[in-house]
Amino acid sequence: MNAGLYAITLSLLLLSHIKDKKKTKMAIKKAWKAFENILPEFLVVILFVGILIAVINPEIISKIIGSDSGWLGVILASIVGSITLIPGFVAFPTAAMLLEGGAGYMQIGAFISTLMMVGVVTLPVEIKYFGKRITFMRNILAFIFSFFVAGIIGWVVTVL
Amino acid sequence: MGGDCIMKSIIRKYRAFLVVLTGLLILTLINQKIGFKAISVTAYSFKEMIMVIPPIFLLLGLLDVWVPKETMIKYMGEGSGLKGILLSIFIGSAAAGPLYGAFPVAAVFMKKGVSFKNILIFIGAWSTTKIPMFLFEITSLGAKFAVTRLLVDLPGVIIIAFVLSKIVPASEVKAIYEKAEAIE
């Protein structure tokens, strides 16, 4: 995956360099400026995620969001999912582990959905580009939407 | 004197980072096990950032320099219709990297005149309907789970974008577009 991304980027850079050296230099300068602009927020997010994942205990979570925990479990799962922002490669195995530990599908649906769509930890980055109001509205809508996702997933996996 | 000033502005920029870092160090002193786990997760995310973020920003730089605003407006701007929606979903879904990587991309899209609705669709697609992650989700949580989520999320992302672009006042949208213009 990463190799492909690098291959595309490098070949485009090379192509750009052949066509116009000055423009390429400008593109790299812009890339660096955009990166440097947001780097402090990125670093804060990364540190926060590290601390949160270390503090949160999977055993306790799977008990709280067990398959008989109903909509209260969905709400709790959504709250946990909204705070933390876990990279997908960690999130899916974690969710599988929680399922094995007794969590319900509906609750895991809410957890995964909020995990990916709602980011309290990433708020500072989002606000920097979108402003406070739009950021809050987007996250609240995504939070509500996650209940819908949870309901459908719970229904499909258990009834169908 | 000048160097002192630069130092001060760097410290100011990274103030929040330094505070959280200090918190992590204190946590490690109190509870070594949790502290070390936090450090190792942080190291993992940092590696992820270092691997994925540079190409994204370089592509952004190239897009900014080479693709004319008119082209972006034609394909993804106001009135780009279904074409714009599909393109936004595709670009968001194909992208690698964590959600926070999507926001700088959105800023360049704003500069290039991509419609607010399409930017929201792009953010939504980046956050949930990722092609690189889909197979991984199937293997961890089962096809039923992953396919259902994808089928619900696709329309969901578009609906959220429509609702948001309807309820957010135009002046607010204009303000963040102007801000994006001022970044570089």
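Cut-off values and rules
Residues numbered from 1 in each chain as written. Chains lettered and ligands numbered in written order. Predicted model: local features only at pLDDT ≥ 70, side-chain atom pairs only at ≥ 80, totals over all residues. Helix = DSSP H or I, 4+ residues; strand = E, 2+ residues; numbered from the N terminus. Rg over C-alpha atoms; globule rule 2.2 N^0.38 Å. Buried ≥ 20, exposed ≤ 12 C-beta atoms within 10 Å, placed from the backbone. Contact = placed C-beta atoms within 7 Å. pLDDT = per-residue confidence, 0-100. Nonpolar A, V, L, I, M, F, W, Y, C, P; charged D, E, K, R; others polar. Core = buried A, V, L, I, M, F, W, Y, C linked by C-beta atoms within 7 Å.

To continue, consider the overall build of chain A. Within chain A, the regular secondary structure consists of seven helices and zero strands. In sequence order, chain A lays out its α and β elements as α-α-α-α-α-α-α. Here the C-alpha atoms of chain A give a radius of gyration of 20 Å, more than 25% beyond the 15 Å that 2.2 N^0.38 yields for 160 residues. Considering only C-alpha atoms, chain A reaches an extent of 65 × 35 × 30 Å along its principal axes. A total of 160 residues make up chain A; the buried ones form 46% of that total. The contacts in chain A between residues at least 6 apart in sequence include a share of 82% that link residues at least 24 apart.

On average, chain A scores 88 in pLDDT, and the residues at 70 or more come to 96%. Looking over chain A, one finds the lowest element-wise mean pLDDT in helix α3 (residues 58-64) of chain A, namely 78, and the highest in helix α7 (residues 123-159) of chain A, namely 93.

Before going further, it helps to spend a moment on the interface of chain B and chain A. Facing the 66 residues of chain B at the interface are 64 residues of chain A. At the level of secondary structure, the elements contributing two or more residues to the side of chain B that touches chain A comprise α2 (15-30), α3 (32-66), α6 (102-111), α7 (116-128), α8 (131-141), α9 (143-167) and α10 (170-183) of chain B. The element best represented in the side of chain B that touches chain A is α3 of chain B, accounting for 23 residues. Counted by class, the side of chain B that touches chain A contains 47 nonpolar, eight polar and 11 charged residues.

All right, on to the nonpolar core then. Judged by nonpolar contacts, the single largest core of 94 residues is most densely connected at V45 and A95 of chain A together with A106 and I119 of chain B. Broken down by element, this core gets its largest block of residues, 15 residues, from helix α2 (residues 21-55) of chain A.

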